[in-house]
Amino acid sequence: MKLISQREFHADSAAVMDAVEAGETFRVTRNGIEVAELRPVGPKRRRTAEELVARHRACCHRWTTP
């Protein structure tokens, strides 16, 4: 994890975002105090049609039964 100042992030945000996309994590400081963390998001998993139907049935079953 790298520590960078707000000024560094502002001046070189494209390179920082490229590094985050490549897997690096950054902590951003303002006046020497850590205020944010930039890290990659995990990949989103696409659900199959069967999973979506099952999820819908489980969620909405209570609304369709008397």
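Quick caveat, the model's predicted, so the values are computed rather than measured.

**Student:** Describe the sheet that holds strand 1 (residues 2-5), with residues and values.
**Tutor:** With mixed pairing, the three strands of this open sheet are ordered in space as 1-2-3. The open sheet is flanked by strand 1 and strand 3 (33-38), the only strands paired with a single partner. For this sheet the average axis-to-axis angle between neighbouring strands, irrespective of direction, equals 30°. Here strand 1 pairs with strand 2 (residues 26-30) via four bridges, running parallel. From the neighbouring strand, Ile-4 faces strand 2, where its bridge partner is Val-28. Packing against the sheet, helix 2 (residues 13-21) makes contact with strand 1, strand 2 and strand 3, and its axis sits at approximately 145° to strand 2.

**Student:** Help me get a handle on the environment of Arg-47, residues and values and all.
**Tutor:** Examined against the element boundaries, Arg-47 turns out to sit in the loop between strand 3 and helix 3 (49-64). Residue Arg-47 is classed as partly exposed on the basis of its relative accessible area, which comes to 45%. With residues near it in sequence (within four places) discarded, Arg-47 still touches Leu-52 and Arg-55.

Reading the values: rules and limits
- Per chain, residue numbering runs from 1 following the sequence as it is written.
- Where local features are concerned, this predicted model is filtered to residues with pLDDT of at least 70; where side-chain atom pairs are given and counted, the filter is 80 or more; whole-chain, interface and lining totals use all residues.
- By convention in this description, side-chain values take in all heavy atoms of the structure and omit both hydrogens and water.
- Whether two strands pair comes down to DSSP finding at least two bridges between them.
- Secondary structure elements are taken from DSSP: a helix is a run of H or I of four residues or more, a strand is a run of E of two residues or more, and numbering for both begins at the N terminus.
- Inter-axis angles, ranging from 0 to 180 degrees, are taken between N-to-C directions of lines fitted to C-alpha atoms, where helices are fitted over the stretch in contact.
- Here a residue-residue contact requires only that any non-hydrogen atoms of the pair lie within 4.5 Å.
- Type-normalised accessible area, obtained with a 1.4 Å probe on protein chains alone, sets the label of each residue: buried when under 20%, exposed when over 50%, and partly exposed for intermediate values.

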